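# An overview of the molecular structure
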Amino acid sequence: MSRKNIGIVNYGAGNINSLKNTLQNLGYKVSTPSLDHEIRSCDSIFLPGVGAFPEAMKALQITGIDQSLKKFYRSGKPMIGICLGFQLFANKSHEIEPTRGLSFIDGEVIQLPQTSFHIGWNEVNFKGNSKKTFSNKNVFFFNHSYFLQLKSNNILGKSSIKSIKNFPAFYKKENLAGVQFHPEKSQENGILFLDSLLKEMLND
Amino acid sequence: MKYCKNCLQPDTRPNTKFTSSGICPACDYFSHFKNVDWQERKEILFNILSDYPKNPNSKFDCIIGVSGGKDSTRQALWVRDKLKLNPLLACLTYPPEQVTERGVSNLSNLIELGFDVVVSAPAPGVWQKLMRTSFDKFTNWARSTELALFTSVPQLAIDYKIPLILWGENPGLQVGDLKTLGRTGYDGNNLRNMNTLSGGGMAWMLDLGIQSQQMLPYTYPSSAEFKKHNLQIIYLGWFLGDWSNINNGMDSVMNGLEIRDDHVSNTGDLMGVSSLDEDWVTLNQMIKFYKFGFGRVTDYVNEDIRLGRMSRERGIYLVEKYDESCSDEYIKSFCDYLGMTTEYFWMQVRSSVNRNLFTVKRNGSIQRKYKVGFGL
Amino acid sequence: MIEGINKLGNPESCKICLYDTNHPLGLTINSDGVCSGCQFHEEKDNLDWVKKLDTLKTLTARYKSKSKKNYDCIIPISGANDSYFIVHVVKNILGMNPLLVTYNKYFNTPLGIRNLANLRIKFDCDILIQNVNPLSVKKIVRNTLPNFGSIYWHCIAGQTVFPVQTAIHKQIPLIIWGAHQGNEQVGMFKHEHEVEMTRRYRKDHDLMGFEADDLISTFNNLDESDIWQYRYPDDSDLKKVGVRGIYLGNYIRWDPKAQHELMINKYDYETSKFSRTFDAYDHTDCYNFMNLHDKLKLYKHGYSKVLDHATREIRHKRISRQQGLSIVKKYQLQPSHYENLFSEWLGIDEQALQFVLNQHRSSLFWQEDIPGNWIFKKESNLKHRSFEIEKTFNKNSDLNRKSNIGYITVGKGYP
Amino acid sequence: MIKKRLIGVITVKNSIAVQSMEYSHYLPIGAPEVLIENLERWGVDEIIVLSIDRSQSKLGPDLKLISRIASMGLTTPLSYGGGIRSLEDAVSVIQSGAERVVLDSLLIKDLNQALQISRVIGAQALIASMPLAFIKNKLMHFDYIKKSHLQVSDHILDAINSRKISEVMIIDHKNEGLKSSFQEELLNHFAKKCNLIAFGGVSTPKQVKKLMGIGSIVGVGVGNFLNYKEHSVDLFKGNLKGSVLRS
């Protein structure tokens, strides 16, 4: 069976290089699409993201990638957002100034209480079948100061810091998934997570 | 002293027992040869090899003890090219003073045939001291060296986590050392009971004041260690129907083996295909002759008689003429190596001559009392 | 050695020795114009070596086998370089019972075989020798020579990993090496750092950035069965046994020439003249190290082993920088011998070998004017004269010891 | 709960990794890529690469080095500092494969540019690197380009306290590369809620344990001293593994 083609959306705000190599090492064909037809031809899409929400949204709108993403989401093919990419799925974000998101997920991005930063390795408490693959002792690398606040039973992993307990770290509903941490930067745990998530969503 | 009716094997070999009809164990074993189903034995071998648990992160399937001589060269090639296994060859070499140029070039030949070989060589000084003591105590210099030869393979099997050890011939079947007969003809885990190893034989070495750290190459792994590491010795001889000195010699010569070029009157070796890597085993064979009434020529001749390649009469002629042959040159080099005079050597040899079988004349010459082929 | 280092068109030179910042191991030069290597050697003259030896003794004493059922340590040796001195120190000064280990590089000279046999007899040690099957070895050389101009990758890879594998096989944690090449050449660390063996240094410098698995590429014909024996053991095994490699050079004032001369007198080490260096001691065991391998070094890095030897003697204050320069001039472009043995061993055409070698001439140092005619850019116009130092090297034997010439796979080496 | 981090700091000078001592003396180590691959194998929590000759030679950040590192499939968080002059530099550093950028000389030369970077790529992606020392027992900020000591600027402190810069790497540049010499007093100058990384003269597990015990410390950087022994990260983590540090 030929290798699945994963597209890491290139919209000028994201750490593409390392995610690309990690996915290739897992045996996938990896492209970095930005035009609509390129995005459409992928078997699944990753939305990376480093930086501020408003800048990223503007970049998606100027290039029209936001429309391609909406079509891709409706097509039912798996889409995975990492860190800011996950937050962009929300309705709205309050980072710097209120900005509308892609609205795939009913929720809002707000600042971590007491303007704290969540930087470093932290435990994720998993729920559902991903609890099997990961004991809760597993730690992943986080690097954010905002988080996606939502009320939904599709939150499959939560994390905690001093100023806030059990905020969403891993969300999955049908063909949409999002993680607040960086699996491509969490050494073996991260690779294991990406491998099992992709296998599940691409039902390899 | 009685001879086997079929061959020229006297009943003086340690651990040997003749059949009621006066046949030696080896002839008895050979007599069953005709109706052996070799194809069935090959399947047994394949079953053993396939379901034997292998070390996953090592590419070696088994370990074979080799010296670079005729038997090991043949085994290595057969295991690799016929059984399609990837063997690690383990070689215990003699120290530089003792090994021959022919011996090192045969080992080089084996390596150049494309084998992975780990060579272990004990400290030359300790080796020499043990050889001297072994000769003084048993008039057999090889007690310690043989222990090292047999010890190196299971030790490396444990080190490299390769449990399957393939060995040449089963001494029990081939030459009648019954104690090594395992559960079946091919099980070698009783090798430890072989005459030379007889229960590890370390005691006499330790009271020489040699520290245990210098005795590591001579410390045969215990049965417990064998079990713990799941070691299993398999005799390939049991599966190779044509296993013999002559066939192994020819097969290995076809693959580059260098053989001896000195006459049987120097070595007691009719074809020059054995002990290629050193010259002093010949002395031990001569001494064996004086102790038990049979030497290397008898062993060769017996095999040819059993294979129907030689008449018993021809055997008797050769045994009478050459069984005690050993060139003075090799005796001299041996004495120089161990720092003794040839007089001391002969005094020691005469002291262990079997007085039932031989008389020692005043001039030192040793005369047979028995008649070869007929006994006392 | 990543091209970033060698791209420097105009390297900075040390004012004391003959190295410059193009050195493949990396070299820094301080504000007084003295290189890191020379700074390391200056330390040698003002360290408390009695205290250092004590530190070594306390460190190694902890590793002596309590049960006496195992060796106290492992010593990687080749029979040449610093093998004799290391075994002498470990046995006679540290009072340990070592297991010697060596990797068969197959380019062995009769002199090398003899020196190894003599070492085993004089020091009365057990030894373990690894012979990787020559089919795999040759397949590796057929890849490392064209791809990165090295015939020696398999030798260094084997010599630096077999001892570590043996440490795990036989559960002997301590491995004792001679001097740290990074220190002796470019002063990578200070003595006080007491740097130890690391897999990182092996990959970066010993193996030019290529560990065993890095040799396999979709384009060549190498596969796992050829290179798996050169893989570094897993971290879990290293930690379980507590494997640790120390360097005597951090605890003993390292002076290879003096040490060799001690070994010649005490243990009858034999030496040989070489055409491409004045040193007679270090590389008695190999037909290629001071010949084909050294020619490749000149092609790739623009200098030969004789420059390392001259730098060493300058730093030990036995010759001046000026003498060093003219000694290098005398030997650097001398012909390399025994290349026919290599071609025969590898099964390649002798004349075609030079074609492959030429692909590795670095444009930093070599210029081809009319095709086939190469000019060495660093050719100095010094007049080369012979010097006192050359006579002080005791040449008491010869690579072939008057026996026939040719690689020896396994040898007797006695008398 | 969030773990603290043992950070491998790699100093790069004319494209080779070096040992740096007292900001003035350097010894060659080797290829940065091999060092980084090794730190990942050792399980370090984060890697900071500092190219110390980029700012002086106005070459800008070493983007080629970062993408070479990223193309190795590095799965350890990577922060890069050295030669970042503008927002554009910072964005391209992230794009080439680094998680976070380390700003040192830019803080002194053009703090506004640094704050602009913070706005665009987010404060969490910014580390302020501050070589400090006590001169006549007054805390001074060292400008390593001009080799002069300055007052610690209040603007920088405001930027930190107002969360425009998420973490501050305090470098004891006088004791850098020297045995167990990091001066903890350097930390007292910063508000308790600041996230501080200690670096420079950390050479023993004991020091790491003590520093990790300080509330405001989120990570301890070790540079030269990681190069002397196999599995150094384990040595430095010691029994903190699985508790304060990840297992």
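The structure reproduced in this document is the subject of the present report. (Residues numbered from 1 in each chain as written. Chains lettered and ligands numbered in written order. Predicted model: local features only at pLDDT ≥ 70, side-chain atom pairs only at ≥ 80, totals over all residues. Heavy atoms only, no water.)

## Quick word on the interface of chain D and chain C
Put simply, an interface is often sized by how much accessible area is lost when its parts join up. Going by this rule: Any two residues whose heavy atoms approach within 4.5 Å at even a single point are treated as in contact. A simple way to read buried area is as the amount of 1.4 Å-probe accessible surface that goes missing from two parts once joined, with both sides added. For this document, the term salt bridge refers to a Lys or Arg side-chain nitrogen within 4 Å of an Asp or Glu carboxyl oxygen. Pairs of N or O atoms are called polar contacts if they sit within 3.5 Å, as long as, within protein, a hydrogen donor faces a hydrogen acceptor (for residues adjacent in sequence, only side-chain-to-side-chain pairs). Under the scheme used here, helices are H or I runs from DSSP no shorter than 4 residues and strands are E runs no shorter than 2 residues, and both carry numbers assigned from the N terminus. The classification used treats Ala, Val, Leu, Ile, Met, Phe, Trp, Tyr, Cys and Pro as nonpolar, Asp, Glu, Lys and Arg as charged, and all other residues, Gly among them, as polar.
On the side of chain C, 32 residues touch chain D, which itself brings 26 residues to the contact. Counting the surface lost from both chain D and chain C, the interface buries some 2500 Å², and carbon and sulfur atoms represent 58% of this. Put simply, chain D and chain C have four salt bridges between them. One salt bridge in this structure joins Lys239(C) and Asp234(D), with 2.8 Å as the shortest N-O distance. The interface formed by chain D and chain C includes 13 residue pairs in polar contact (both at pLDDT 80 or more). Breaking the side of chain D that touches chain C down by element, the ones donating at least two residues are strand S2 (16–21), strand S3 (25–30) and helix H1 (32–42) of chain D. Classifying every residue of the side of chain D that touches chain C gives eleven nonpolar, seven polar and eight charged.

## Things to note about a nonpolar patch on the surface
All names here are of chain B. Condition: Here the term patch refers to residues with relative accessible area over 30% and no salt bridge, with like charges joined within 9 Å and nonpolar side chains (Val, Leu, Ile, Met, Phe, Trp, Tyr) within 5 Å. Calculation of accessible area relied on Shrake-Rupley with a 1.4 Å probe; when residues are assessed, cover is drawn exclusively from the protein chains displayed. Only protein chains enter the accessibility calculation, which uses a 1.4 Å probe. A residue is then buried if its area is under 20% of the maximum for its type, exposed if over 50%, and partly exposed in between.
Together, Val-253, Met-254 and Ile-259 line one region of the surface with nonpolar side chains, adding up to about 280 Å² of accessible area. Here Met-254 shows up in the loop between helix H10 (245–253) and helix H11 (264–267). What makes Met-254 exposed here is its relative accessible area of 69%.

## As for the pairing of strand S14 (residues 176–179) of chain A
Residues and elements named next belong to chain A. Note the cut-off: By definition, two strands form a pair when at least two bridges between them are found by DSSP.
The alternating pattern of S14 places Leu-176 and Gly-178 and Ala-177 and Val-179 on opposite faces, both of which are buried. Across four bridges, the pairing between strand S4 (residues 79–82) and S14 is parallel. In the strand pairing of S14, Met-79 is matched with Leu-176. Where strand S13 (residues 164–173) meets S14, four bridges bridge the pair, whose relative direction is antiparallel. By the bridge assignment for S14, Tyr-171 is matched with Gly-178. Here S13 folds back onto S14, and the loop between the two strands holds two residues, one of which, Glu-174, carries a positive phi near 45 degrees.

## Describing the pattern of salt bridges
Evaluation of the coordinates by the stated rule reveals 69 salt bridges over all chains. Glu224(C) is the salt-bridge partner of Lys59(B), the closest N and O atoms lying 3.6 Å from each other. A residue pair is termed interchain when its members come from two chains, as with Lys59(B) in the loop between helix H2 (38–51) and strand S1 (62–66) and Glu224(C) in helix H10 (residues 224–227). Owing to a relative accessible area of 32%, Lys59(B) belongs among the partly exposed residues under this scheme. We classify Glu224(C) as partly exposed; its relative accessible area is 35%. Between Asp62(D) and Arg54(D) there is a salt bridge, with the nearest N and O atoms lying 3.5 Å from each other. Summarising the burial analysis for this pair, Asp62(D) and Arg54(D) share the class buried. Linked through salt bridges whose partners overlap, the residues forming this network are Asp255(C), Asp279(C), Asp282(C), Arg312(C), Glu313(C) and Arg318(C).

## Some remarks on the interface of chain A and chain D
Every contact between the two is made by 38 residues of chain A and, on the other side, 37 residues of chain D. With both chains or domains summed, chain A and chain D bury close to 3000 Å², and 53% of this area falls on carbon and sulfur atoms. The largest per-residue losses of area from chain A upon contact with chain D belong to Phe117(A), Trp121(A) and Gln187(A), which jointly make up 23% of the total buried on that side. The interface formed by chain A and chain D holds two salt bridges in total. In this structure, Lys3(D) engages Glu123(A) in a salt bridge whose closest nitrogen and oxygen atoms are separated by 3.6 Å. Connecting chain A to chain D are 15 residue pairs in polar contact (both at pLDDT 80 or more). Of all the secondary structure elements, the ones that give two or more residues to the side of chain A that touches chain D are helix H1 (16–25), strand S8 (118–123), strand S10 (139–144), strand S12 (155–161) and helix H7 (187–201) of chain A. For the side of chain A that touches chain D, the per-class residue count stands at twelve nonpolar, 21 polar and five charged.

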